[in-house]
Amino acid sequence: MVSRRDQIKRVAAGLFVERGVAGTSVRDIAEGVGMLSGSLYHHFPSKDAIAFAILDDFLTDLNARYRSVLPHVTGMREELRALVYSSIEIAEAHPYATEIYQNEKTYHGPGAPAEIAHAVREAHTFWIDAATRASTCGELRAGLDPVEFARMLREGVWWSIRYHREHLSQRRDEVTDTVVAAFVDGGAAPEILGAAHTVLRAAGERHGTVGQQHDRIGEFGDQVDIVIHQDH
């Protein structure tokens, strides 16, 4: 059974994405949950406390999942795929948390709460360390900066989650395979691409055809292009 606290967070998260934290009132959230505004204060002291809880809970679960899965995989492709898939799973369990973080400069700017900033740095470290290991052992294509590669891959995951939010549970495997094919296989050293292509072909057959898998890569590129133009 969903707790009242979790109900409040879920309703608030949707409103925060739609209207922004500043544009959402405690009354809006209370009405969405079906309770009086005064009753909401028994669970959270303010709407900002709700936004903080949404992000803090998300990041806590995200880092815990990263720590739990990485010891069981080895190699660039498997490590990064585990991070991609885990990110999508946790984002699915915490609706709109990633979008709130992206939208609200309060939480990713210089004045971000210390707890959030620390948790974000910890999450980034998992990606950077995986890419750095791949670079050190020659699995990452020569000339690619592992830190920049990790950042681009990570951001690609979060924007893909945003794009597919409404159908994320149904497309989890598909989005994972597409991101891995576009970024991880694309960043792999030439000598290990043969093995990666074998896995990609298997993934394509699992989702329909290899051709359709490549179409998804093109679709991902379209998503990135849309985001770039929106940001400018």
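Keep in mind the model is a prediction, meaning the values are calculated, not measured.

### Things to note about the overall build of the chain
Each helix and strand in the chain was counted, giving twelve helices and zero strands. Seen in sequence order, the chain has helices and strands lined up from the N terminus as α-α-α-α-α-α-α-α-α-α-α-α. When the 232 residues of the chain are sorted by exposure, 43% land in the buried category. Within the chain, counting contacts between residues at least 6 apart in sequence, those at least 24 apart form 73% of the total. Carbon together with sulfur atoms contributes 54% to the accessible area of the chain, which is approximately 11700 Å² in total.

### Examining the packing of aromatic side chains
Taken as a whole and judged by the stated rule, the model has three aromatic pairs. Geometrically, the ring pair formed by Phe58 and Trp158 is edge-to-face, given 6.0 Å between the ring centres and 75° between the ring planes. With Phe58 in helix α4 (residues 47-69) and Trp158 in helix α9 (residues 146-163), this pair connects stretches of sequence that are 100 residues apart. Look at Phe58 and you get buried, because its relative accessible area is 5%. Centre to centre, the rings of Tyr66 and Phe126 are 5.4 Å apart; their planes meet at 65°, and the pair counts as edge-to-face. Residue Tyr66 is found in helix α4, and its partner Phe126 is found in helix α8 (residues 114-136); the two are separated by 60 residues along the sequence. Tyr66 gets classed as buried once you look at its relative accessible area, which sits at 0%. Here the aromatic residues Tyr66, Phe126 and Trp127 are joined through ring pairs into a cluster of three or more. Lying across the ring of Tyr96, Arg165 places its NZ or CZ 5.3 Å from the centre.

### Considerations on the packing of helix α1 (residues 4-19) against helix α2 (residues 26-33)
Two elements in contact, α1 and α2, have axes separated by 9 Å at closest approach and are oriented at 125°. Relative to α2, the element α1 is oriented oblique. As α1 runs across α2, the sense of the crossing is right-handed. Contacts between α1 and α2 involve Arg4, Gln7, Ile8, Val11, Ala12, Leu15, Phe16 and Arg19 on the former and, on the latter, Asp28, Ile29, Gly32 and Val33. Residues that form the contact of α1 with α2 fall into these classes: seven nonpolar, two polar and three charged.

### Observations regarding the pattern of salt bridges
A side chain with one charge can pair with a side chain of the opposite charge if their charged atoms come near. According to the stated counting rule, one finds twelve salt bridges in the structure shown. Its salt-bridge partner being Asp28, residue Arg19 comes within 3.1 Å of it at the nearest N-O pair. Here Arg19 falls in the partly exposed class, since its relative accessible area comes to 40%. According to the relative accessible area criterion, Asp28 is partly exposed, its value standing at 22%. Of the charged contacts in the structure, one is a salt bridge between Arg77 and Asp185, with a shortest N-O distance of 2.8 Å.

### With respect to the confidence of the model for the chain
Residues of the chain with pLDDT of at least 70 account for 82%, and the chain-wide mean is 87. Ranking the helices and strands of the chain by mean pLDDT puts α4 first, with 98, and helix α12 (residues 210-231) last, with 46. Low pLDDT (under 50) marks residues 220-232, which in the prediction has eleven contacts with non-local residues, meaning those over four places away or in another chain.

### Quick notes on α9
If you check α9, its first and last C-alpha atoms are 26 Å apart, about what 18 residues at 1.5 Å a residue would give, namely 26 Å. Every buried residue belonging to α9 is among Pro146, Phe149, Ala150, Leu153, Arg154, Gly156, Val157, Trp158, Ser160 and Ile161, and all of these are buried. Sitting at the amino-terminal end of α9 is Asp145, which places a side-chain oxygen 3.1 Å from the backbone nitrogen of Val147.

### Describing the packing of α4 against α8
For the pair α4 and α8, the least separation of the axes is 10 Å and the interaxial angle reads 30°. Compared by their axis directions, α4 and α8 come out roughly parallel. Crossing geometry of α4 relative to α8 is assigned as left-handed. Between α4, through Phe52, Leu55, Asp56, Leu59, Leu62, Asn63, Tyr66 and Arg67, and α8, the contact on the second element is made entirely by Glu115, Ile116, Ala119, Val120, Glu122, Ala123, Phe126 and Trp127. In the contact of α4 with α8, the residues fall into eleven nonpolar, one polar and four charged.

What counts and what doesn't
- Residues numbered from 1 in each chain as written.
- Predicted model: local features only at pLDDT ≥ 70, side-chain atom pairs only at ≥ 80, totals over all residues.
- Heavy atoms only, no water.
- Helix = DSSP H or I, 4+ residues; strand = E, 2+ residues; numbered from the N terminus.
- Buried < 20%, exposed > 50% of the residue type's maximum accessible area, 1.4 Å probe, protein only.
- Contact = heavy atoms within 4.5 Å.
- Areas by Shrake-Rupley, 256 points an atom, 1.4 Å probe, with all protein chains shown as cover.
- Phe/Tyr/Trp six-rings, centres within 6.5 Å; stacked < 30°, edge-to-face > 60°.
- Lys NZ or Arg CZ within 6 Å of the ring centre and 35° of its normal.
- Axes fitted to C-alpha atoms, helices over the stretch in contact; angles between N-to-C directions.
- Parallel < 35°, antiparallel > 145°, perpendicular 65-115°, else oblique.
- Left-handed = near helix turned anticlockwise from the far one by under 90°.
- Nonpolar A, V, L, I, M, F, W, Y, C, P; charged D, E, K, R; others polar.
- Salt bridge = Lys/Arg side-chain N within 4 Å of Asp/Glu carboxyl O.
- pLDDT = per-residue confidence, 0-100.
- Expected span 1.5 Å × (residues − 1).
- Polar contact = N/O pair within 3.5 Å; in protein donor to acceptor, adjacent residues only side chain to side chain.

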